[in-house]
Structure formats: C-alpha cells, structure tokens
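# Fold and contact review
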Amino acid sequence: MRSSKGGRRSLFNNTKRKKHPQVSVLNIFSDQDYNRSVITIAASVDKLGSSVLAACLEAFQAIDMEVQEGIHPCLGAVDLIPIYPLSGVTVEECGVVARSLAEDLVRHVPGCSVFLFGEADLPEKRSLVQRRKQLGWFTRRDFSALQPDLGAAPVRRCGLTGVGASPYVMNCNITIDSQDMSAEREITSAIWGSNANGLKGVQAMAFPHEGKIEIACNVESFDDQEAAEISEDFQYVSYSVLGDQFSYVFPHYIEAQVKKLASDWGIGTKGRALVGFTPQECKNCAEYAVKENIGEFWKIRGGVFM
C-alpha cells in the first residue's frame, strides 16, 4: 500500500491497533520531501484483503488531501494499492483480491473512489502507467472531472485510489548531484524501458529531492519468455512463482547505468541507491514473518528500504 502522509500522525494509531494473525507489516518507508509513506504488507491470499482494508481505514481517517502538500504527485490519500504474488498464488488470484478490496473500500469509506489497473481491470487489464496517463496523475489537481471505476465522483479529502494487481514491481531510486532538469530528462529517457536501448521493465521519473534530483525507478517483473529479447549486456534476474517464470533488471545495474549517464553530463551521484525488496527478498521475509506470526517485522529488520 502506498499512501500520501498528511502531517506527522502515524497511520497505525496505537489506540486502535488490532492484531491480524498470519499478517505482517514488512516495511514502512516515509519521505518528508515527498510527504509520502510506503507500507509493505504481507499475508496469505485469504487474509490480505481484510488486513490492507484495516490499514486503509486508518489512513483515510488520518490524511486529508485538502491540506496535503508534497513534491511527489498523487491523487489519493491512499494513492496506490498494488497486490503482487510472491508464492503459491497466481497474479490472476491477486487480481480477484484487488477487485474485492476496491469494492470494500468504496463501501466502508465515505467519499472513497477507485480506479483499477492490471489484473483487477477487467476485461482490458490496462497497466498502471496507462491508467495514470489517462487520469492525468502527474498533473491533475482538479478532481471534478475524474471518472472512477468504482465509487462516486472523487471528493477532495479522499481523492482517487488506484487498486490493482500485477507481477512484482520493485523500486530503485538514485540521487544525482545536480538540479539540472535537462540532464534529468536525458537520463530518464535513456533508461525508460519502452524507449530504444532502454532497460526492459524500467519506468523512470525524476523529482527534486533534498536540494538534488532523485531518479525514481519502478522496476517491473516481466514474462521470462521475453528475456531472450534483451541484449546480453543487460543484467537481469529470473525467479519463479507457481512455475511461471519472471525476470527483472538487476537494480545495481540500473544504478550503474544512471551513474554512467550522469557522468556524461559531468554530474556525480550522491550516496547509494535506495533499493526496495527484490521479489526473492520479499518472499523470504514474508514467509518467515507470517510463519512466526511477527506482525511488525519492520521493527526487527535493520536498514532503510523502500
């Protein structure tokens, strides 16, 4: 679940916290410049919907889009709920969970409106990128003309929430030591997966961040049969879910490419790349946390992760 964070109030209020067996919060990442939090929840397919719904109810109560400010674009107090298969479940089953969750959201949250993507968007199965472009996710601030898939016309306090399912998507963010947006445009265009010689499955955006520019990449998993189309110079990792093979570009290769492209502009990078869970890491952490009934795994896992 990804949510815009309003103010400093926790999305998990101690006075209302309930335990959900076989459910674990793997990670909580908050960025003050973006005014945005990313919360990673793992559960069995039959428990996931109710646990994410509980988190969303807290978020909608805590966050008011009428006063929300931040550099990162968003349309909703709970902006995005992507559901990914890790083990023992298909992406189609995740789509069923996502659609059911979307229906529960509009039923339980007054003013909640939802758009669907991926396996939850039937029959078209439009990607998140397609839906965001259609809705003007990067530029829109006028909610009155938005057309949700579920729920009433969006109200400003709640905004519009994206709910869907797809093969796993991870994050890889690299900060370049510059404020030159011309360089940013060249770098993001060069690595964007749909462009010539881009990195397959990579979608790159750039945002001002702490006085520099952060290149924020979504790294999509793709059908392993497509791996043969990739140049041997592209480093990618393969994994399997229920016999279905997927691949993704190795995040440190993305970092190396950004460094090279930035150096062509005479620009360096700052610090190390901020990399989210890989599919394998997320699967291992989820299986351990759920098996051991560790509801707040994020508290015992060291380091900072997306």
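Now for a quick tour of the structure. The structure displayed is predicted, hence computed values, not measured ones.

Summing up its helical and strand segments, the protein chain has six helices and 13 strands in all. Buried positions account for 52% of the 306 residues belonging to the protein chain. Sequence-distant contacts in the protein chain: of pairs separated by 6 or more residues, those separated by 24 or more amount to 70%. Element-wise, carbon and sulfur atoms account for 49% of the exposed surface of the protein chain, whose accessible area totals about 14400 Å².

Helix H5 (residues 251-264) packs onto helix H4 (residues 181-191) with a crossing angle of 140° between their chain directions and a minimal axis gap of 10 Å. As summarised for this structure, H4 and H5 are arranged oblique, according to the angle between their axes. Note on packing geometry: the crossing formed by H4 with H5 is right-handed. Judged by residue contacts, Ile 187, Ala 190 and Ile 191 of H4 engage Val 258, Leu 261 and Ala 262 from H5. Considered class by class, the residues forming the contact of H4 with H5 number six nonpolar, no polar and no charged.

Now for the nonpolar core. Counting residues in hydrophobic clusters, the biggest one holds 38 residues, and the most contacted among them are Leu 26, Ile 215, Cys 217 and Ile 254. Sequence-distant contacts of Ile 215, defined by excluding residues within four places in its chain, comprise Cys 172, Asn 173, Ile 174, Ile 176, Glu 184, Ile 187, Thr 188, Ile 191, Ala 204, Met 205, Ala 206 and Val 258. Core analysis: the next-biggest nonpolar cluster, separate from the first, contains 35 residues, Ala 55, Cys 74, Val 97 and Ala 98 among them.

On to the pattern of salt bridges. Per the counting criterion, the structure on display carries 10 salt bridges. We note a salt bridge from Asp 79 to Arg 36, for which the minimum N-O separation is 3.3 Å. With Asp 79 in strand E4 (residues 78-83) and Arg 36 in strand E3 (residues 36-43), the pair connects residues that are 43 residues apart, well separated along the chain. Classification of Asp 79 by relative accessible area gives buried; the value is 1%.

What counts, and where the lines are drawn
Residues numbered from 1 in each chain as written. Predicted model: local features only at pLDDT ≥ 70, side-chain atom pairs only at ≥ 80, totals over all residues. Heavy atoms only, no water. Helix = DSSP H or I, 4+ residues; strand = E, 2+ residues; numbered from the N terminus. Buried < 20%, exposed > 50% of the residue type's maximum accessible area, 1.4 Å probe, protein only. Contact = heavy atoms within 4.5 Å. Areas by Shrake-Rupley, 256 points an atom, 1.4 Å probe, with all protein chains shown as cover. Axes fitted to C-alpha atoms, helices over the stretch in contact; angles between N-to-C directions. Parallel < 35°, antiparallel > 145°, perpendicular 65-115°, else oblique. Left-handed = near helix turned anticlockwise from the far one by under 90°. Nonpolar A, V, L, I, M, F, W, Y, C, P; charged D, E, K, R; others polar. Core = buried A, V, L, I, M, F, W, Y, C linked by side-chain atoms within 4.5 Å. Salt bridge = Lys/Arg side-chain N within 4 Å of Asp/Glu carboxyl O.

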